[in-house]
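This is what each chain is made of:
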Amino acid sequence: MSDFLASLTQVQQWISSLAARYTVFFPTPHGEANYRFTAIGADDDVRFAPYRPTITPPVKLLVPAREELFRFQHKEDGDLLLSPSVDSSFRVIAGVRPCDLKGIFLMDLFFERGVADPYYLARRENTAIIGYACTTPCTDRVFCAAVDSLDHRQGADLFLTPLASGEILVEANTERGIGLLDSTDLPPCEDGPARKIGAIAARPETYGRSFDADVQSLSGIVEQYWDSPLWDKHTERCFSCGTCNLVCPTCYCFDVRDNLALDTVSGSRTRTWDGCMLPGFAQVAGGHNFRPQPAGRQRHRVKRKFEYLPTKYGHGPVCVGCGRCGRQCTVDIDIYDIVHDLIEGGKS
Amino acid sequence: MKPKIAFFDFASCEGCQLAVLNCEDILLDILELVDLVEFREAISEKALRYDVAFVEGSIHRDEDIARLRDIRARSTYLVALGACACNGNVQARSNFVAPAVNYAEVYGEAARNRVQVDPEHWPLWAHTRVRPLDAVVKVDAQLRGCPMVPSEFLHLVKSLLKGTQPDFPAVAVCTECKKNENECVFDRGQTCMGQITWAGCNSVCVNNGYVCDGCRGILPDANLAAHLQLLREHKVAEADIRSRYRLFCGAEPIGRGV
Amino acid sequence: MNQGQTDYAALAAATYLPATAKIVEIREMTARERYYRLELPQPLGHRPGQFAMVSVLGVGEAPISISCGPRDDNQLEMVIRNVGRLTRVIHGLKEGDTLGIRGPYGSGFDLDHFYGKDVVFIAGGLGLVPLRSLIIPVMAEPSRFGAVTLVSGCRNPAEELFREDLKQWSQVPGATVIRLVDATENMPWKFDVGLVIDPLPKLPLDPVKTVVAMCGPPVMYKFVLMTLQAKNLGPEQIFVDLERRMKCGVGKCGHCQMNHLYCCQDGPVFQLSRIGALKEALR
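Only a predicted model underlies this, so the values are computations on that prediction, with no experimental measurement involved. (Residues numbered from 1 in each chain as written. Chains lettered and ligands numbered in written order. Predicted model: local features only at pLDDT ≥ 70, side-chain atom pairs only at ≥ 80, totals over all residues. Heavy atoms only, no water.)

Caption draft 1: Main features of a nonpolar patch on the surface. Residue and element names in this part refer to chain B. A cluster of nonpolar side chains, Phe96, Val97 and Val101, forms an exposed patch at the surface whose accessible area comes to about 190 Å². With respect to the secondary-structure elements, Phe96 resides in the loop between α4 (83-87) and α5 (99-107). Relative accessible area serves as the criterion here: at 32%, Phe96 is assigned to the partly exposed category. (Patch = residues over 30% accessible without salt bridge, like charges linked within 9 Å, V, L, I, M, F, W, Y side chains within 5 Å. Areas by Shrake-Rupley, 256 points an atom, 1.4 Å probe, with all protein chains shown as cover. Salt bridge = Lys/Arg side-chain N within 4 Å of Asp/Glu carboxyl O. Helix = DSSP H or I, 4+ residues; strand = E, 2+ residues; numbered from the N terminus. Buried < 20%, exposed > 50% of the residue type's maximum accessible area, 1.4 Å probe, protein only.)

Caption draft 2: Molecular detail of the packing of helix α3 (residues 128-140) of chain C against helix α4 (residues 163-170) of chain C. All names here are of chain C. Look at α3 against α4: their axes get within 12 Å of each other, and the N-to-C directions meet at 30°. The element α3 and its partner α4 pack so that their crossing is left-handed. Note on element contacts: α4 touches α3 through Asp165, Leu166 and Trp169, opposite Leu128, Arg132, Ile135, Ile136 and Met139. Looking at the contact of α3 with α4, its residues break down into 6 nonpolar, no polar and 2 charged. (Axes fitted to C-alpha atoms, helices over the stretch in contact; angles between N-to-C directions. Left-handed = near helix turned anticlockwise from the far one by under 90°. Contact = heavy atoms within 4.5 Å. Nonpolar A, V, L, I, M, F, W, Y, C, P; charged D, E, K, R; others polar.)

Caption draft 3: Seen up close, the side chain of Ser16(A). Looking at where Ser16(A) falls in the secondary structure, it is placed in helix α1 (residues 8-21). Each residue touching Ser16(A), except ones within four places of it in the same chain, is listed here: Ala42(A), Asp44(A) and Val46(A).

Caption draft 4: Just the interface of chain C and chain A, in detail. If you look at the interface, chain C gives 41 residues, while chain A gives 50 residues. Summing both sides of the interface, chain C and chain A together bury roughly 4,100 Å²; the carbon and sulfur share of this comes to 61%. Where chain C packs against chain A, one counts 4 salt bridges. Arg269(A) is the partner of Glu61(C) in a salt bridge, and the nearest nitrogen-oxygen pair spans 3.3 Å. Counting across the chain C and chain A interface gives 22 residue pairs in polar contact (both at pLDDT 80 or more). At the level of secondary structure, the elements contributing two or more residues to the side of chain C that touches chain A comprise α1 (8-16), β3 (51-56) and β4 (60-65) of chain C. Take the side of chain C that touches chain A: its biggest share by element is 7 residues, from α1(C). Across the side of chain C that touches chain A, the residue classes tally to 18 nonpolar, 14 polar and 9 charged. (Buried area = accessible area lost by both parts, 1.4 Å probe. Polar contact = N/O pair within 3.5 Å; in protein donor to acceptor, adjacent residues only side chain to side chain.)

Caption draft 5: Highlighting the pairing of strand β7 (residues 127-132) of chain A. Residue and element names in this part refer to chain A. With respect to burial, β7 is a largely interior element, 6 of its 6 residues being buried. Here β7 shows a buried face lined by Thr127, Ile129 and Gly131 and a second buried face lined by Ala128, Ile130 and Tyr132. Looking at chain direction, strand β6 (residues 91-96) and β7 are connected through 5 bridges and run parallel. Residue pairing for β7: Ile93 is matched across the bridge by Ile129. Two strands pair when backbone bridges link them, and β7 and strand β8 (residues 158-162) are joined in this way by 3 bridges, in the parallel orientation. Bridging from a neighbouring strand, Gly131 pairs with Phe159 of β8. (Pairing = 2+ DSSP bridges.)

Caption draft 6: The arrangement of unusual backbone geometry in detail. Cis geometry is adopted by the peptide bond preceding Pro147(B), which originates at Cys146(B) and carries an omega value of 0°. Along the chain, the position of Pro147(B) falls in the loop between β5 (141-143) and α7 (150-161). For Phe162(C), which is not a glycine, the phi torsion comes out positive at approximately 50°. Along the chain, Phe162(C) turns up in the loop between β8 (148-154) and α4.

Caption draft 7: Quick peek at the sheet that holds strand β6 (residues 98-105) of chain C. All names here are of chain C. The strand order across the open sheet formed by 6 strands is β4-β3-β6-β1-β2-β5, and the pairing between neighbours is antiparallel. Only two strands of the sheet have a single neighbouring strand rather than two, namely β4 and β5 (75-81). When strand polarity is set aside, the average angle formed by the axes of neighbouring strands in this sheet is 40°. Bridge count between strand β2 (residues 33-39) and β5: 7 bridges; the pairing is antiparallel. By the bridge assignment, Glu39 is partnered in β5 with Gln75.

Caption draft 8: Region of interest: α5(B). Residue and element names in this part refer to chain B. Residues of α5 that are buried: Ala100, Tyr103 and Ala104. Around the axis of α5, the buried residues are gathered within 100° of arc, so they sit on the same side. The exposed residues of α5 that point more than 90 degrees off its buried face are Glu105 and Val106. Once α5 ends, the next one or two residues include Gly108, with phi positive near 95°. (Arc of directions from axis to C-beta.)

Caption draft 9: Here's a closer look at the domain arrangement of chain B. All names here are of chain B. Assigned domains of chain B: these are domain 1 (4-88 + 130-161), domain 2 (97-126) and domain 3 (173-250). Relative placement of domain 1 and domain 3: their C-alpha centres are 26 Å apart. Listed per partner, the contact involves 8 residues of domain 1 and 9 residues of domain 3. Overall, the association of domain 1 and domain 3 removes approximately 670 Å² of surface from exposure, summing both partners, and the carbon and sulfur fraction of that is 48%. For the interface between domain 1 and domain 3, the tally reads 1 salt bridge. (Domains from an automatic or database assignment.)

Dropping the structure here:
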C-alpha cells in the first residue's frame, strides 16, 4: 500500500505511544533466557533486540490457554440463560517475526475454513499486527528458510524491515495499519521494494538449518513413512508432556470443560489447549485409545504438520521452522531432526 | 438429603484439612451443600456411615490399617487427601532407614539404646513401612499435592454433588507449566520433576520461581528411564537423584528404585 | 479478513450453544444402556448416521449417536451407555429433566446409496444404536430395497439392545434378522451363539447389488471386512460408522482426526473406498 522510512528510535517510541492508546503486546525479556509477548505500558522501553522466539507464539493471544465459550444460568422459573463470551476488544501485537506471522496466517485458514470459529475470528478481526523482519537467525534451532516462512509477510497490517543503513522500512499493508501511523509524520519511501530486496540480499546465504529436500517435496517424503523405527527413535525419551504442541504456532487442538459454580445452577463452558502428544488425546469414554503409544502420537504430530494439513490447505508445511518445540523439549526431541531423518532415510 | 462427609487423619501435618478450612471464601457455601459429620480440626460429632470420607495421612502401623479399613467399610466414597495419603510423602523416606537409626538421629544415641532394650518403647519399632492409602484399601479419588489444591477439592465436591466422578487428567506438570508460559527451569540451569509428576497444581511452584519436586506423585505412564537419564545428563549426583525421587515419592516405585 | 461484517456473538451462539431438550421418556435397556426420547424446541432434521453433541451444563458434553430414523417432528431417540463422567450424570436424570443438544453433525448415511440394493447391516454391540437410524427407514419401505439382512451381535443375552425392534424387523417381508451373542452365559437365548462374523460366509451376497452398512467396536472391522472382500464386495459397496473422541463436532478440536480426515465432519459414516487405505481408520 504505502512505504515509509523511520529510524529505529522513532519506531520504538511510536510503539510505546501506541501503548498509551491501545493494548499493545510486545516481546519482553522474561526470566534468564526467554521472551514473552506481554502487554506493555506507554513508559516501557520497547527494544527490537534480536530475541529468541517467545516461549509461546503470539498467535496464542488469539486462542488463549483457557477461554470461556459461554455462560449459563438456570433461573428459578425454569428458564435457562445462555450467553456467548466473545472477546472483541481491540489489541495490537507488535514485533511479530515472519515465522509467527505465518503461524497466524495458517491459523486464520484453520479457523476460517469449514465451520468458522467465532471466538478466534472475533479476536483476529480486532487485532492489528506489526511484523518485524529477521536479518540473522535468532537461534541455532531455526529452520524457517527451509519451510518457506522466513519471507512470509501476509497478515501483517504493518511490516517493519531493518535496512543496512540502520533505518527501518515501514510497510503499511492495510488501512488499519495506516491508521496506527497517524500520530507519526514519517517520510514516505519511494523505493521500498528495492530496499526490501536489498535487505533480503544482505542476509546470510545459509539462514538457519536447512533440509536436503525442496519444501514442495517434504509432504511426499513424510507420506512414505508409517511403520518406521524412526518414530520410536524420536520418542524413546518422550515424556508425553505436550510441550511441543503447546508452544507450536500452528497447534490449535482444544479440550472443552464445564465449570459449575457452587450454587450448582450457573457456570461456564471453557476450552483449553490440548495436544496430540498427551496420552489421553485420542481416548474415548469407553477406554479405547486410538493412539496409545508415544511413537504413534509423534507420527501423528509430524504428519499433521508436514502431510495432512499441507494436503488439506495447500499452503505448504504447517511447521514454520521457529524451533520452539525442539528448544523447549527437555529431552531435545526436535521436529527438524525427525524430518531430517525421514529425508535421509528416504535416500537409502 | 445432603451427603454426609467426614475428615480423618493418619500420619500427616493435617495441613490438607487446614487447606480445606482456608477455602474461607467458599467454605460456607460448601457447608450449605454437605453435612459435615466428622472433622477433628473443627468439630466433634460421630456418625456410623459416611457418604464421602476424606482421609489425610499415610499408613504406618497395624492399628492404622485396622482403623483405615473401618473407615473404608463405613464410607461409600473414600478420598485420599493430600500427598501423604496419595504417595506417602516425606515420611516415606523412613522406609529406607532402620527404625533404631531413625530414633537415634532424632533423640540421640542413648535413646537408641533404650528403645532396643525397653519393651515400653518397642511399639515404636512396629511402624514397619509407610504406605499410601491405596496400598491398604480401595481409594475412589485422590486429591494430590502437598498440600492438596483447593480448586481440585472443589471440583471433586461438585462432581460428587452432580452424582459423578471427578476428572483429573493424567498429564504432567510441564503441560500446565507451558500453559502458564513459564520459563523452563532447565533454562535457569536447574532440574525439575515436572515431566513425570501429576498435574493439577497449575505448576504453582514453577510459577513462583521454584522447581517441581514431585509432591503430587508420579504419573502412571511416566517415562522414568528418560527422566533418570536427563538428571544424569544435567550432572545431578546419583545420591541427589535418589534423594529427589524419595522426597515425596518414597513409597512409590520411583522412590524404591524399582 | 472481513472487517466488521460478522456478528460473532450470534455465530458463537449458533455454533457452540446447546438447545434445551426435554427428556420425555426413559427406558432401561440393559444394565448399562438406557433409551432416551427427547423433545426439542424444533426438529433437528438429521440424516441416518448423524450424531449430536449432548451436554449437561456444568458437567460436560459428548458426541452421542442419533438412534431414530429421520423424522419431521421435534422428537429424537438416543441410547446412552453409562460409561463416563457425563453419561453417569445423564443416567441419574429423570423424565422431565433437560439436556443440552447441538447438531446434527457428521456425514451420515445417504439412502440413495441403498435404494434398489440388497442391504446388509452388521451391528456389533452398541453399533446397533446408530445403525438403527438407517435400519428404520429401510425396514419402513422394504419394497424400495432388495433383500435386507441384519446381523446383530452382542456379548450376552442381557446386553442385547432393541429386542422389540429386532423381533419386528424379522417379520418385515424380505428381511432376515440374525441375532447372536458371543456367549449365553447361562441365560435363556433362543437365537444363535457366535460372533457377527460367523454367519457372513454363508450369506448369499450378490457381489453386484449388495450394499453393507456396519458399525461396531474397532476389533470387529478387520475380520468382517476380510470376509466381505472374500465375497467380492468392493470398497464402494461398504459403509462403516466409526467412533472417535470428539470435543467440538465442527472439525476444530482435533481429537477425532484419523490421518487427514476429521471423523466428526468427514464421517462418522465413511464409504470404505475413502478410508480403506488409511492406517488410522479401522484399527
